[in-house]
Amino acid sequence: MGLRTPAQYLKSLNDGRAVYYKGKKIADVTKHPFLRIAAEHAAIDYHLAEDPKHRELAVVKDPEGAGLISRMYLPPKTPADLLKRSDLIDLATREGKTMVTLIKEIGTDALFALHIISHQMDKALPTHFYERVHRFYRHCADNDLAVAVAQTDAKGDRSLRPSEQEHPDYYLRVVSRDKKGIVVRGAKLHTSVSVNSNELIVLPTRNFDEKDKDYAVAFAIPMNTKGLRLITSAYSQPKDNDFQFPLSNKHLMLETTTIFDDVFVPLERVFMDGQYQYAGPLALAFVDFHRFTAVSYKQPLLDLLVGAALLLADQNGISRVSHVRDKLTWLAIYTETVKGLLHHAALTAKTVEPGFAVPNRMYSNVAKFQFAHNYHQALAIVQDIAGGLVVTAPGEEDMKNPTLAKDIRHYLGGRKGVSADDRLKAMHLVADLTATEFGGYHAVLAIHAEGSLEAEKLAIAREYDIASAMAYAKRMANIK
Ligand SMILES: Cc1cc2nc3c(=O)[nH]c(=O)nc-3n(C[C@H](O)[C@H](O)[C@H](O)COP(=O)(O)OP(=O)(O)OC[C@H]3O[C@@H](n4cnc5c(N)ncnc54)[C@H](O)[C@@H]3O)c2cc1C
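Residues numbered from 1 in each chain as written. Predicted model: local features only at pLDDT ≥ 70, side-chain atom pairs only at ≥ 80, totals over all residues. Heavy atoms only, no water.

Chemist: With reference to specific residues and values, describe the sheet that holds strand S2 (residues 24–26).
Modeler: Strand order across the open sheet formed by 6 strands is S2-S1-S10-S11-S7-S6, with mixed pairing between neighbours. Of all the strands in the sheet, just S2 and strand S6 (173–178) have a single pairing partner and so form its edges. Strand-to-strand twist across the sheet, computed as the mean angle between neighbouring axes with direction ignored, equals 20°. Summarising the sheet, strand S1 (residues 18–21) and S2 pair through 3 bridges and their orientation is antiparallel. Its bridge partner being in S2, Tyr21 is matched across the sheet by Lys24. (Pairing = 2+ DSSP bridges. Helix = DSSP H or I, 4+ residues; strand = E, 2+ residues; numbered from the N terminus. Axes fitted to C-alpha atoms, helices over the stretch in contact; angles between N-to-C directions.)

Chemist: Got a sec to walk through helix H14 (residues 420–434)? Specific residues and values, please.
Modeler: Given a rise of 1.5 Å per residue, 15 residues ought to cover 21 Å, and the 21 Å separating the end C-alpha atoms of H14 matches this to within 8%. For H14, the tally of buried residues reaches 12 of 15 residues, placing the bulk of the element in the interior. Among the residues making up H14, those that are buried are Ala420, Arg423, Leu424, Ala426, Met427, His428, Leu429, Val430, Ala431, Asp432, Leu433 and Thr434. Taken together, the buried residues of H14 touch helix H8 (279–315), helix H10 (361–386), helix H11 (389–392), helix H12 (396–400), helix H13 (402–411) and helix H15 (437–448). (Expected span 1.5 Å × (residues − 1). Buried < 20%, exposed > 50% of the residue type's maximum accessible area, 1.4 Å probe, protein only. Contact = heavy atoms within 4.5 Å.)

Chemist: Explain the site of the ligand to me, using residue names and the numbers behind them.
Modeler: Close to the ligand lie 19 residues; Gln151, Thr152, Lys155, Arg158 and His190 are nearest. In the environment of the ligand, an oxygen atom lies 2.7 Å from a nitrogen or oxygen atom belonging to the side chain of Arg158. Within the backbone of His190, one N or O atom sits 2.9 Å away from a nitrogen atom of the ligand. Burial of the ligand by the protein chains amounts to 65% of its free accessible area of 960 Å². Counting atoms within 2 Å of the grid points, the majority share of the ligand lands in the largest pocket. Residue composition of the shell around the ligand, by class: 6 nonpolar, 8 polar and 5 charged. Three or more residues apiece are contributed to the shell around the ligand by two domains, here domain 1 (6–280) and domain 2 (290–471). (Near = heavy atom within 4 Å. Polar contact = N/O pair within 3.5 Å; in protein donor to acceptor, adjacent residues only side chain to side chain. Areas by Shrake-Rupley, 256 points an atom, 1.4 Å probe, with all protein chains shown as cover. 1 Å grid on protein atoms, 1.4 Å probe; cavity = no way out; pocket = protein on both sides within 12 Å on 5 of 7 lines; lining within 4 Å. Sits in = over half its atoms within 2 Å of the grid points. Nonpolar A, V, L, I, M, F, W, Y, C, P; charged D, E, K, R; others polar. Domains from an automatic or database assignment.)

Chemist: Give a description of the layout of surface pockets that names residues and reports values.
Modeler: Estimated volume of the largest pocket: approximately 1,400 Å³. Forming the walls of the largest pocket are 45 residues, and the residues nearest its centre are Thr152, His448, Glu450, Gly451 and Ser452. Each residue belonging to the lining of the largest pocket can be placed in one class, and the counts come to 21 nonpolar, 15 polar and 9 charged. The residues that make up the lining of the largest pocket include at least three from each of domain 1 (6–280) and domain 2 (290–471). In this model, the second largest pocket occupies a volume close to 160 Å³. Forming the boundary of the second largest pocket are Ile116, Ile117, Gln120, Pro281, Leu284, Ala285, Asp288, Lys350, Val352, Val358 and Arg361. For the lining of the second largest pocket, the secondary-structure elements that each account for two or more residues are helix H6 (105–124), H8 and strand S13 (350–352). (Points joined across faces, edges and corners; volume = space filled by probe spheres on them.)

Chemist: Quick one: what's the story with unusual backbone geometry, residue by residue and with numbers?
Modeler: Note: most residues except glycine have negative phi, and most peptide bonds are trans. Here the amide bond leading from Glu353 into Pro354 is cis, since omega sits at 0°, within 30 degrees of zero. Positive phi outside glycine occurs at Lys155, with the angle close to 75°. Tracing the backbone through its elements, the reader meets Lys155 in the loop between strand S5 (147–150) and S6. Residue Lys155 is classed as partly exposed on the basis of its relative accessible area of 24%. In this structure, His190 takes a positive phi of about 55° despite not being glycine. Note that His190 resides in strand S7 (residues 181–192).

Chemist: Account for the environment of Leu111, with residues named and values stated.
Modeler: Looking at the secondary structure, you find Leu111 in helix H6. Classification of Leu111 as buried rests on a relative accessible area of 0%. Residues Leu111 and Met399, 288 residues apart in the sequence, show an inter-C-alpha distance of 50 Å. Leu111 has contacts with Tyr73, Val133, Phe136, Tyr137, Cys140 and Ile201, leaving out every residue within four places of it along the chain.

Chemist: Mind laying out the side chain of Gln275, listing which residues take part and the relevant values?
Modeler: Structurally, the position occupied by Gln275 is in the loop between strand S12 (270–273) and H8. Accessibility expressed as a relative area gives 13% for Gln275, which makes it buried. A distance of 2.7 Å separates a polar side-chain atom of Gln275 from the backbone nitrogen of Asp273.

What follows is the structure, given as structure tokens:
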């Protein structure tokens, strides 16, 4: 099919998938007044590919054929490829007013990881997964598909392995096999963009031992597969105006609790089945790409936090006050640290068979950790500088009432030359960014998405070169 238009993408979502929102089955997500916002937001990806200003970044020549593919499907071979990929993720998120589109980012992170690990499996075991993975990758790239990834299991008691749990379904597992394929049962949680993607890739969430080998499974299915139920998160609510919700009124990402009610997966779409020794490496290989994606899509959010703080400091007439300058500098240091680490992760990428440039694990994790660990402190600074109007300001309807608008314009201006209208716009921007349910969503996304802070710390501790640090200390202490 080749590159798709935004309209073709939206049309493809009306395929009989079982999406539920507020307890009801939704016939067509693109016609639903709220769910369609998530689909239209994600369509930014397709708009960028058509925009002459951005086409060079968004579209590349297919290295395996004569046609064109989305850059998101280009397997990264060099640090420069990773940086371009990062630039495109940043651009799409900027267009999405700080909300990532994710419909190709996460899917390609998984596809690159599947190539690497299936290659390893086929070398060591009598399996033939690599060809299957590559065929599925071609299907996605050639048809310009939107792909979600379901990795996180329900997990029940976090201290127990799957087979030790109260019931066997806290992790997704294979319940039967025949020569045509496998049947899987379970639930994956927090699956982003599933309501508005075409395909779903399923990956193991952790390492397993032999007792848990039925849980060591990876595969891909179309969203309208029989037995797949998508229960949309109840967290986000519809908004009604751009004045109070300048970011979230038209930009939204939705997650689902994703139920696999004895879903059949044909053999050609099974990429791991029982190879438990490779479940952990696959989970990790995905995260190697996905944390780099995460830090790429955080850049617009970071820039907006700094920009909003500067704007409010100026409007409130406090930009030269010493504690405010100190806080603004802290925000700049925070943002630039994450940005620098992101670049360094790309520049020090390592090449992994069969020829992928993998972002440096240490720096991707340190970048993601720095971002997440300091995020709430950054929000506190922006809210501190802005003042309480962030949550007490009059809204759009008040500005439409002439008597109230007169009061508001008289009393709510800022420093000389800053109108109440502009100040309220800035206040509502900070509210949407830090205090509305969109702001709260960003805050939880910061902490948990792409792995919790502890997961990042674990990766950093494993990567850190303890031996040479210790050897240096011994040498300095003259210890033999
Ligand atoms: C907005 C959003 C979007 C997401 N999108 C996706 C997606 O598209 N696909 C996907 O697969 N996942 C997605 N995730 C899931 C994300 O990766 C997880 O939320 C994250 O890995 C944490 O898992 P959890 O939510 O189950 O929390 P838990 O794992 O329960 O974590 C809660 C706390 O328990 C600790 N903990 C958990 N287990 C242990 C243990 N064994 N030992 C010690 N401490 C432990 C954690 O460190 C943390 O402090 C998304 C999450 C969010 C919030």
